[in-house]
Structures are given as structure tokens and as C-alpha cells.
Amino acid sequence: MLALLGACEGDTGPAGPAGPAGPPGGGGGGDPDDLTPTAYVAGQRVPELIVRIEELSGASGPGGEFLVGDVLAVTFAVEKADGTPWKLEELDEAEALVSGPSTNYQRVLPVEGDVAARATLVEAGRFRFTFAAPLPDVYPPPFNDSTSFGRGHGELAGQALRDGTYTLGLSFTWAYTLDARPYRRVGEATLDFLVGTGAGAPATRAVTSAEHCNRCHGALQAHDGRYRKLELCLLCHTSGAEDANLPAVEGGTPGVSIDSRVLFHRLHAGRFLPSVNGIASRANGTRNYGVAPEPLRYVRASGAVRDFSHVGFPAFPNRADPMPRDTGYNNLSSEAKAKEDRMRSMPTQCALCHGDPDGGGPIGAPAQGGLSNLPSRRACGSCHDDVNFENSYQANNQSMPPQPNDNGCNACHDSRQPGPLSPIEGHLHPTADVGLDPGVNLAFLAFAEAGAHDSDGRLEAGEGARVSFRLTNDQGQAQAPASLDELRVVLAGPLSNPQVLYEAAIPTALVTGAQPFDLVLPERVVLEHLGDSATGLETFRTARFPHRTATGVVTEVLVRTGTAGGASVLATARARRDNFVDVLDASAFARDDVVVLDDGVAGREEYLRVQHVEGNRLWFSAPNLPAYPPGLRTDHAAGASVLEVQLLARQSPFHYTLDPVTGTITEVAEFGAGSAVLASYTCDWVAPADYPGPANDSPARGELHGEWSGKPLVAGTYRAALAAARDFEFRLGTTATPYRRVAPGATLSFLVGDAPAEEPYTLVDATSCSACHQELVYHGTYRGLETCLTCHGAAGTEDRPRYASPNAPETAGLSVEFRALIHRIHRGRELADDSFQVVTQGGGSFPDDFATRSYHAGSTLPAFPDRTLECARCHGADNLEALLPTSREHPTDQRGPLQVWRPVCSGCHDGAAVTAHIDSNTAPNGAEACEICHAPGEFLDARAAHLSRLEPR
């Protein structure tokens with residue numbers, strides 16, 4: 001077992017000094033619950049490395065400007081957080097460099113790597129360093145210069161130094177090890193200064209900021225953590241700079257720009273780039289989809305090759321909904337369309353890096369963010385790399401002539417002028433364009449009982465539910481429900497182990513009256529057996545009433561006219577809520593057959609429609625797939641009959657009349673003596689006494705994983721979610737691109753049973769998601785983390801099954817619970833399992849429609865330095881509760897062991913050795929032994945292993 005424990009990622013750190021201030025992992029009497037994320041080496045806290053530039057001297061200009069020939073001398077301080085000075089000989093790397101001007105950075109003074117050796121001591125912790133060379137009269141070449149770039153790409157090598165704002169950068173590191181793993185402290189500082197008598201006022205480069213970067217990255221790093229400060233990046237990634245392009249290195253290709261305005265765009269566009277997808281342009285300017293894909297690779301001076309072809313910007317809506325199709329899209333081959341669709345998913349949310357990314361949040365638009373709207377061949381061509389500026393370019397019935405320089409860009413792509421060629425309007429996603437659709441917004445005002453037993457404000461079994469809401473557009477104007485293409489409601493809970501109580505698309509015809517709308521939740525009852533017809537005209541009554549009727553919401557009456565070919569018996573007993581039966585012989589059954597179980601047995605006879613036949617198994621459905629009855633209404637013993645029957649629809653008022661208030665159906669014409677009479681109708685939903693099955697339910701996941709299907713309703717805090725969407729089209733000539741405008745998530749909490757008070761959800765904060773994704777829009781209907789949790793928070797939830805989409809890949813038992821799926825999605829390419837894929841509903845027709853999502857190749861949490869080990873990025877720095885799995889036992893009906901560690905931990909830890917470790921610590925009945933080592937206070941405390949060990953890193 002000790003050998004297998006080595007498969008665990010991370011550990012508790014070395015033993016620390018005595019007392020409560022000890023490091024994670026305790027030792028020396030430390031408190032095991034003191035999990036402060038602090039790094040220790042040899043029992044001592046890892047010191048900070050803080051660099052501060054105090055003075056830059058050597059200027060000879062009349063106004064204090066630096067002139068050509070001046071020698072720069074910088075005075076700086078290097079100290080720890082408590083003010084204790086560092087000695088330069090203690091540091092491992094110490095560099096200085098100068099680049100400028102800030103309007104178009106060029107290398108000016110090369111990197112001086114011997115700062116520690118040549119700096120002189122001023123006093124403890126304060127030093128002075130003098131550059132070896134004076135300011136040159138002309139710019140030197142950029143890094144790894146070749147003939148690939150020149151003045152047309154902003155490179156000024158060999159030209160006289162221009163007046164302007166220049167930047168000095170200092171960078172220092174101190175290396176250490178912790179648990180045999182190498183780390184480094186990095187301290188950096190920059191200072192702007194003026195060069196030339198015509199420099200004017202200082203102009204600090206501010207097209208974006210580190211705060212913008214850190215919304216996703218947490219703590220920006222580059223070159224394996226060697227560099228941390230964005231301003232320092234710009235001093236090397238200057239105009240004309242290239243990667244190492246070493247001929248001897250596989251993948252090394254001259255002419256690969258690392259200019260910041262090119263590199264940063266390309267890194268974030270990654271797998272959506274035309275070149276990566278095998279798209280280029282011909283000499284006549286038309287698009288060519290037949291070229292070989294070009295991986296997005298960069299070669300370092302060490303010879304290491306880094307491939308970024310997998311990277312995809314995580315911001316919605318582009319992530320899920322590509323930009324509009326070009327004219328001629330409909331004439332493309334399916335392969336070319338697939339390439340176009342990926343290319344159109346390229347990021348266009350420029351404001352996330354160059355504007356205000358968080359609305360009323362703390363990050364404001366950078367002072368020079370507007371420069372991102374100034375077109376240039378470098379900036380625009382970094383993403384639109386299918387454009388060859390030496391040739392003409394054809395797109396959307398327009399032609400761009402060859403562009404030898406940037407002088408003509410503004411003639412067509414002027415951000416001050418409206419139109420699709422404007423960099424602003426051209427990057428506006430249609431779902432954010434109020435001119436295309438006025439928007440849809442829900443204000444969820446109230447959730448309450450309906451038909452309550454006691455009107456105590458708590459939902460109980462047998463009670464209905466009422467939602468009150470307002471529907472408006474983005475300007476606050478009232479909208480009619482008929483303007484929606486989808487309105488959905490989900491109820492789920494309790495928070496301790498969510499189960500979906502209700503999920504349904506609401507017919508908008510049922511939403512009537514004036515705003516605010518007051519809607520009693522409906523339920524569709526399918527194939528209810530009302531009884532058997534006898535001789536003479538009779539009346540039948542449905543079990544539930546009144547019936548809800550409206551346009552498109554009707555009661556259907558069907559009469560059994562005989563049996564068909566399918567006939568068998570149950571091979572094994574099945575319980576209420578099961579959504580399948582196993583029969584001795586299913587060869588005569590097929591999809592859409594209607595079958596009767598326990599024909600003629602009072603209290604057991606029931607009718608269902610077969611959704612899928614798999615071997616000798618007849619699948620019915622799940623509550624989230626309402627086109628088929630979701631499952632059994634009662635228990636059935638082994639040997640129970642299963643017969644295929646024929647049904648004939650009866651019409652009102654020719655064959656019967658309906659009293660919707662009482663649910664009474666009266667024969668006008670004889671249905672047929674001895675014939676079973678069935679009805680499908682809509683009535684008021686009532687809370688069940690036990691839980692229905694989860695989404696895409698199968699026996700692959702069940703009670704062992706926290707599923708409570710068939711178990712009694714539990715008191716607690718539940719969540720109601722409203723979702724609304726409206727469809728529209730973006731048209732470019734005759735080419736239409738469909739879009740859906742989705743309302744922001746609208747949720748309310750409510751109490752079930754005798755729960756004393758509402759509890760908050762604390763595991764994840766929605767702001768954590770929006771930091772990278774900006775907003776969450778998924779499945780074409782839902783928006784926001786809270787609505788996501790109502791379905792994906794439910795135990796036992798799986799991806800789309802074969803009984804819904806028979807031709808889909810086999811993924812039985814694949815969990816899409818939030819605790820498992822989200823970890824695996826964000827682990828992405830760091831997963832050991834490269835076959836991980838999720839089957840979802842596609843965009844076509846039900847039932848055999850699906851799409852697959854593979855997250856191994858392209859996804860990973862972009863947080864530095866440790867990717868998915870940065871738990872605090874999603875859960876919060878002090879949220880220890882989120883670092884342990886929660887108990888999910890049913891309080892009154894837990895009949896077996898429960899797995900809480902495996903579903904969560906295996907989301908990230910999926911390697912063969914880890915899987916073996918988990919299996920070896922799981923009993924044959926499914927019981928887990930994980931707490932022995934990983935519970936709070938144990939020697940492999942899961943909380944300590946996942947806390948950040950370096951503060952800051």
C-alpha cells in the first residue's frame with residue numbers, strides 16, 4: 001500500500017518547527033487543522049524576494065532626458081517581506097535590460113546577466129548597477145533576428161534611436177527545493193524613463209494589464225516560471241523578435257514571430273487558428289481548405305519545442321457559438337465546414353484583455369486599451385493567418401488588394417466608422433448585438449407551494465409549486481411568453497446531495513395573464529391506464545385533474561385494439577422508478593413499440609413506450625427525456641408478462657367529450673368492449689414522496705454513488721431555476737447562422753419539509769467561473785453556474801445514453817455530476833485517460849441526435865503555476881470545506897455503502913497507478929477506506945495536499 005501511495009499527487013511538506021505556526025502536515029506539536037498555505041525549507045518560512053528600483057542616473061539631457069551615449073546606472077533594493085535585506089550572492093539569477101520606445105518596443109540594451117557580479121553595494125540590501133554599454137545611436141537587432149521580418153513588421157534595427165518613453169527592467173531569482181521539487185522566488189521591477197529632447201510626457205505602455213491576465217491565469221508566469229511581470233515580457237517580445245528557429249531542432253522554422261502583439265493573440269487563439277486547421281488562401285485570394293495543418297510551435301534557445309495547437313480561449317459565447325458563417329458556407333464540403341466552424345470559434349472578446357472585463361469589478365480598462373482597435377498587419381494577421389498580405393484576399397463578396405504596409409488598413413477597417421469591417425463591430429458576437437435581438441431576461445420573483453396542505457411556505461410531498469417571474473428585454477421592456485422558443489424549470493436538492501425533482505420545458509401557452517406571470521408548474525402524464533371499456537357508453541376519469549389545456553397542450557385518448565408481435569416475460573424483477581426491464585427474449589420488440597406489463601393484473605398493469613432495444617433489455621427513458629415515459633410506476637416480479645400492443649387514437653368531440661376540471665372522459669361513440677382505455681394529459685405537478693431517477697439514468701450508477709432514486713424525500717434547502725431562450729438568425733446575403741439568446745440564470749432557494757432555514761451553497765463561487773469564461777452558456781438554454789448546478793449537481797447523473805441516441809459512442813456509467821465532470825474538464829490534457837469524451841445532445845432532431853465533447857486534447861485550467869492543483873482558483877483560498885468530499889447518505893433509507901472519495905478524486909487523479917491505489921482501497925461491496933489516510937489530521941490529509949504551499953510563488 002505504501003508503494004501505491006506514491007501515486008498521490010502532492011504531499012504534506014516537511015516537518016516544521018514546534019507550535020501552531022508549523023507547516024502543513026504538522027510535526028513538532030503543530031495543530032493539524034492549521035492549514036495556512038506557507039512554504040518551509042529546513043523548518044524556516046520561505047522568504048519573499050522583493051525588488052524595488054530607487055533611482056536611474058546618468059542622464060545628460062537638459063530636462064533630465066537620456067541621450068545617445070549616456071550610460072545608465074540604476075540603484076535598486078532587494079529585500080524580504082519583513083524588510084530584511086538580501087545579499088546578491090545569495091541569488092541565482094540577476095538580469096537587467098532596456099527596451100523602447102513604449103509605442104513600439106525595440107531592444108536597446110541587451111540583457112545583462114551579470115548584475116549580481118558587477119553591482120556595487122550602497123548599503124545593506126541596496127545596490128547600484130551600471131550598464132556595460134551606453135545608449136546606442138541605432139537600434140540593435142531583435143532576439144533571433146532573421147530576414148523574415150523587417151521594417152514592415154515594426155522592426156527598427158539599424159535605425160536611429162527615436163525620442164520617447166523607454167523601459168528599464170530588472171529580474172532576480174532565488175532557487176530552492178521543497179519535498180525534492182524545485183521552486184524559485186522571482187523578484188522583478190520596471191521603470192519608465194525618457195530618451196531624447198523631444199520625448200514629451202512619459203507614455204507608459206498600457207494596452208492590457210497583469211490584472212487582466214490574472215483573471216484567468218491567477219499569477220502570470222512564463223518560461224517555466226522564470227518571468228512573472230507583464231511589463232518585463234514586452235521588453236524581450238519586441239517588434240521583429242523571433243523564436244530560436246534552430247535548424248537542427250525538429251519543428252524549428254525561421255520566421256516565427258514572438259512579437260508580443262502577435263504572440264499573445266496566437267497563443268490564445270491556438271486550436272482555432274486557420275493555419276492550425278489547415279486553412280490558407282490561394283494566390284487569387286480565395287480560401288483553400290486543402291492545405292496541411294501547421295502546428296502552433298515555438299522553439300526556445302534550449303532547443304525545447306512548445307506546441308500550443310491545443311489552446312482555446314475559454315470565454316463564452318465564442319467558446320460555444322462561433323461567429324457568423326461567411327457567404328458560400330452552405331456550398332462547402334462537410335470537412336471544410338468543420339474547419340470553418342472551429343475557425344469561427346476564435347476569440348473576439350477583445351475587451352476581456354483590452355477593456356473593462358468585469359463590469360463593476362475592480363479591474364478597469366487600460367489607458368491605451370483603445371489601441372487594440374487600430375488595425376495592423378501584425379495584430380490582425382496574428383489571428384487571421386490565412387490572409388497573405390502579398391496577395392489580394394476574397395471574402396463575403398469583397399476583395400482586399402495586396403497590402404505592402406499598414407498605411408491602407410484604416411481606409412476600410414476604421415474603428416470610428418460603423419459597419420462590419422470595423423474592428424469593433426466586426427468582433428461583436430451576434431448574441432451581444434442588441435440590434436439583432438432585443439435580449440431576454442428573467443426576474444425570478446417567488447417560488448411557493450400550490451394546492452398546499454398547510455401553506456407553511458415549505459414544499460412537501462403531494463403539494464404543487466408556483467413560480468412568479470417577469471420577462472423583459474435588455475431595455476427593461478415587457479416581453480410576451482410567446483416570443484420565447486424555450487422556457488424551462490428545474491427543481492433540485494437538497495444541497496447536501498442534490499437530486500432533480502422536476503425538469504421540464506414549459507409550454508409557453510400555459511403562461512397567461514399580465515406580468516408578473518404566475519405559473520403553477522405542469523406535468524405531462526403519459527399512457528395512464530384509465531380502465532377497460534365495457535358495452536355501452538361509459539365515463540372514465542383520470543387519476544389527476546384538472547387537465548391543463550392550451551394551444552399545443554392537449555389531452556390524448558387512446559384505445560387498445562389488440563396485441564402485436566412482441567411477447568415475453570421479465571427475466572428479473574424490477575422496481576418502481578426503474579427505466580428498463582430485462583426480458584427472456586426481446587427479438588420481436590423495437591423502438592416506439594408500446595408494451596403493457598402485467599397485463600390484466602390489478603394494481604400492476606401499466607403501459608410504456610420502448611425507446612431502445614439493447615440485447616434482451618427494453619429501455620424506456622429518464623425524466624429529462626420526456627418524449628418517452630421515464631420509467632416504471634410500480635414494482636414488477638420476475639415472470640411478469642410483457643406484451644406489445646396496438647393503440648388507436650380517439651378524437652374529441654366525435655368519440656368522447658372531456659371535462660378538464662374533473663378529468664372526466666365520456667364516450668360519445670363506443671371505444672370497443674373489453675378494450676383498455678389510455679390517456680396522456682397535462683396536469684399540475686405535485687412533489688413526489690420519493691425521488692425520480694437522475695438525468696440519463698442507468699444502472700451503471702446508483703445508490704453507491706449517492707443516487708436516491710426511489711428513496712423518501714429529504715427535508716432541506718432546494719434550488720429552483722428558470723431558463724428562457726429566444727432564437728434568431730444572423731444573415732449575410734443568403735447565408736444564415738442560427739443563434740439563441742439565453743436569459744441570465746435565475747434561481748431561488750426554497751425549503752422542503754421541516755428544514756429550519758435555508759443553507760448557502762459554498763463549494764464554488766460563480767465569480768470564479770466568470771473570471772475565465774466571462775459567462776456560462778450551455779445546452780443552448782441555460783446560463784450561469786447556479787442553473788448548471790441544478791442538473792449537474794445531482795448524484796447519479798450521466799451523459800447522453802444509447803437508449804436516447806443508439807448510434808452514440810458507448811460511455812455507460814460516465815458521470816456528468818458537477819463534482820466529477822468539472823474536475824475532468826479542467827484537468828483536460830493533463831488527464832492520463834486520453835479517451836475521455838462526453839456524449840451530449842446535438843443540435844438536430846430527437847431521438848438519435850448527439851454530439852461528443854473530448855476535453856483531453858484541448859482543455860486545461862490556465863491557472864499558474866500548478867494548473868488544476870490551484871484549487872483556490874475555483875473554491876477560494878480559505879474554503880477548506882471544498883477540499884474534502886461531503887457525506888451523501890440518505891438519512892432514513894441508506895441500504896449500503898456510499899462512495900464519496902472516488903467520484904471526486906478520480907476526476908483529476910486518473911492514472912493507472914492512482915486507479916490501482918483507489919481500487920486496492922475499495923472493498924468488494926464498494927466501501928471506501930480513503931479516510932484512513934486522507935481524512936483531516938491524518939498523515940496524508942487531503943486538505944493539506946491541495947492547499948497552495950507557496951505564498952506567493
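Reading the values: rules and limits
- Residues numbered from 1 in each chain as written.
- Predicted model: local features only at pLDDT ≥ 70, side-chain atom pairs only at ≥ 80, totals over all residues.
- Heavy atoms only, no water.
- Pairing = 2+ DSSP bridges.
- Helix = DSSP H or I, 4+ residues; strand = E, 2+ residues; numbered from the N terminus.
- Axes fitted to C-alpha atoms, helices over the stretch in contact; angles between N-to-C directions.
- Contact = heavy atoms within 4.5 Å.
- Salt bridge = Lys/Arg side-chain N within 4 Å of Asp/Glu carboxyl O.
- Buried < 20%, exposed > 50% of the residue type's maximum accessible area, 1.4 Å probe, protein only.
- Phe/Tyr/Trp six-rings, centres within 6.5 Å; stacked < 30°, edge-to-face > 60°.
- pLDDT = per-residue confidence, 0-100.
- Arc of directions from axis to C-beta.
- Core = buried A, V, L, I, M, F, W, Y, C linked by side-chain atoms within 4.5 Å.
- Lys, Arg positive; Asp, Glu negative; His and termini not counted.
- Disulfide = S-S within 2.5 Å.

*Asks:* Explanation requested: the sheet that holds strand β32 (residues 664–667) in the structure shown.
*Replies:* Backbone-to-backbone hydrogen bonds pair the strands of a sheet. The strands run either parallel or antiparallel. Pairing in this open sheet of three strands is antiparallel, and the strands run β23-β32-β31 from one edge to the other. The sheet terminates laterally at β23 (539–541) and β31 (656–659), the two strands that pair on one side only. Direction aside, the axes of adjacent strands within the sheet are offset by 20° on average.

*Asks:* I'm lost on the sheet that holds strand β7 (residues 120–123) in this one. Help?
*Replies:* On the basis of which strands lie adjacent, the open sheet formed by four strands has the order β3-β4-β8-β7 and antiparallel pairing. Every interior strand has two partners, whereas the edge strands, β3 (50–57) and β7, have only one. If you compare each strand with its neighbour and ignore which way they point, the axes differ by 30° on average. Here β7 pairs with strand β8 (residues 126–130) via three bridges, running antiparallel. Among the inter-strand pairings, Leu121 is bridged to a residue of β8, identified as Phe127.

*Asks:* For this particular structure, what's the right way to read the environment of Ala771?
*Replies:* Within the secondary structure, Ala771 sits in helix α11 (residues 766–773). Placed 413 residues apart in sequence, Ala771 and Asp358 show a C-alpha to C-alpha distance of 8.0 Å. If we skip the residues at most four places from it in the chain, Ala771 touches Arg215 and Cys216.

*Asks:* Please clarify how the pattern of salt bridges should be interpreted in this entry.
*Replies:* Close approach of charged atoms allows side chains with opposite charge to pair. Under the counting rule described, the total for this entry stands at 51 salt bridges. One salt bridge in this structure joins Glu231 and Lys229, with 3.8 Å as the shortest N-O distance. Relative accessible area serves as the criterion here: at 32%, Glu231 is assigned to the partly exposed category. On the basis of relative accessibility, which here comes to 25%, the residue Lys229 falls in the partly exposed class. Taking the shortest distance from any N to any O, the salt bridge between Arg488 and Glu503 comes out at 3.6 Å.

*Asks:* Just to check I follow, could you spell out the environment of Ala379 for this structure?
*Replies:* Residue position: Ala379 is located in helix α8 (residues 377–383). Measuring from C-alpha to C-alpha, the distance between Ala379 and Arg52 comes to 33 Å, with 327 residues separating the pair along the chain. What Ala379 contacts, discounting residues up to four positions off in sequence, is Arg261 and His265.

*Asks:* How do you make sense of helix α12 (residues 785–792) when you look at a structure like this?
*Replies:* In an α-helix, one turn spans 3.6 residues; hence positions three or four apart end up facing the same way. Judged by how many residues are buried, α12 sits mostly within the fold: seven of eight residues are covered. The set of residues buried in α12 consists of Leu785, Thr787, Cys788, Leu789, Thr790, Cys791 and His792.

*Asks:* Is there a simple way to think about the packing of aromatic side chains in this case?
*Replies:* Any pair of aromatic rings gets described here by the distance separating the centres and the angle formed by the planes. Scanning the model with the defined rule gives 19 aromatic pairs in all. Here Trp86 and Trp174 contribute two aromatic rings whose centre-to-centre distance is 5.5 Å and whose plane-to-plane angle is 55°, an arrangement assigned as tilted. On the criterion of sequence distance, the pair formed by Trp86 in the loop between β4 (73–79) and β5 (93–100) and Trp174 in strand β9 (residues 164–178) is long-range, its members being 88 residues apart. This pair shows no difference in class: Trp86 is buried, exactly as Trp174 is.

*Asks:* Is there a simple way to explain the confidence of the model for the protein chain in this structure?
*Replies:* Caution applies to low-pLDDT parts of the model: their predicted coordinates are not meant to be read in detail. Overall, the prediction assigns the protein chain a mean pLDDT of 89, with 93% of residues at 70 or greater. Across residues 1–37 the pLDDT falls below 50, and counting only partners more than four positions away or on other chains, this stretch makes 69 contacts in the model.

*Asks:* Would you mind going over helix α16 (residues 912–920) with me for this structure?
*Replies:* Burial in α16 covers these residues: Val914, His917 and Ile918. Seen end-on, α16 carries its buried residues on one side only, within an arc spanning 95°.

*Asks:* Where do I start with the pairing of strand β26 (residues 594–597) in this structure?
*Replies:* A regular strand carries its side chains on alternate faces of the sheet. Every second residue of β26 is oriented toward a common face, with Val594 and Val596 on one face and Val595 and Leu597 on the other, all of them buried. Inspection of the sheet shows β26 paired to strand β27 (residues 606–609) by four bridges, in the antiparallel sense. Paired with Val594 across the bridge in β27 is Arg609. Here β26 runs beside strand β30 (residues 641–650); their pairing, made up of four bridges, is antiparallel. Bridge pairing in β30 links Val594 to Val645.

*Asks:* Can you walk me through the nonpolar core in this structure?
*Replies:* Within the largest apolar cluster, 38 residues are counted, with the highest numbers of intra-cluster contacts made by Phe76, Phe172 and Phe193. Among the elements of the structure, β3, β4, β5, β6 (106–112), β8, β9 and β10 (181–195) are those that each provide at least two residues to this core. Here this core takes seven residues from β9, the largest share from any one element. Those residues in contact with Phe76, other than ones at most four positions away along the chain, are Arg52, Ile53, Glu54, Leu88, Val115, Ala119, Gly125, Arg126, Phe127, Phe129, Leu170 and Phe172.

*Asks:* Which parts of the structure should I look at to understand the pairing of strand β18 (residues 464–472)?
*Replies:* The pairing of strand β17 (residues 441–450) with β18 spans nine bridges and is classified as antiparallel. In the sheet register, Ala448 faces β18, and the bridge partner there is Arg466.

*Asks:* Explain the environment of Leu776 here, please?
*Replies:* Mapped onto the elements of the fold, Leu776 is located in the loop between α11 and β37 (777–778). By relative accessible area, which is 16% here, Leu776 ends up buried. Expressed as a C-alpha distance, the spacing of Leu776 and Thr208, which sit 568 residues apart in the sequence, is 24 Å. Residues within four places of Leu776 in sequence aside, it is in contact with Phe316, Cys769, Tyr782, Arg783, Gly784 and Leu785.

*Asks:* For this particular structure, what's the right way to read the side chain of Asp598?
*Replies:* Locating Asp598 in the fold gives a position in the loop between β26 and β27. Despite its burial, Asp598 remains without a salt bridge, the nearest opposite charge being carried by Arg604 at 5.3 Å. Those residues within four positions of Asp598 in sequence are excluded, and the remaining contacts are Arg604, Glu605, His636, Ala640 and Ser641.

*Asks:* Looking at this model, I keep getting lost on the state of the cysteines. Mind explaining?
*Replies:* Under the definition given, this model contains zero disulfides. Free of any disulfide, Cys769 has its nearest cysteine sulfur in Cys874, 6.4 Å distant.

*Asks:* Is there a simple way to think about unusual backbone geometry in this case?
*Replies:* Most peptide bonds take the trans configuration, and most residues that are not glycine carry a negative phi. The residue after Gln515, namely Pro516, is reached through a cis peptide bond having omega 0°. Structurally, the position occupied by Pro516 is in the loop between β20 (499–505) and β21 (517–520). Residue Pro653 is bonded to the preceding Ser652 through a cis peptide linkage, with omega at 10°. Counting through the fold element by element, Pro653 comes out in the loop between β30 and β31. At His223, a position not held by glycine, the phi torsion is positive, near 55°. Mapped onto the elements, His223 comes out in the loop between α3 (210–217) and α4 (230–236). For Asn696, which is not glycine, the phi torsion reads 55° and is therefore positive.

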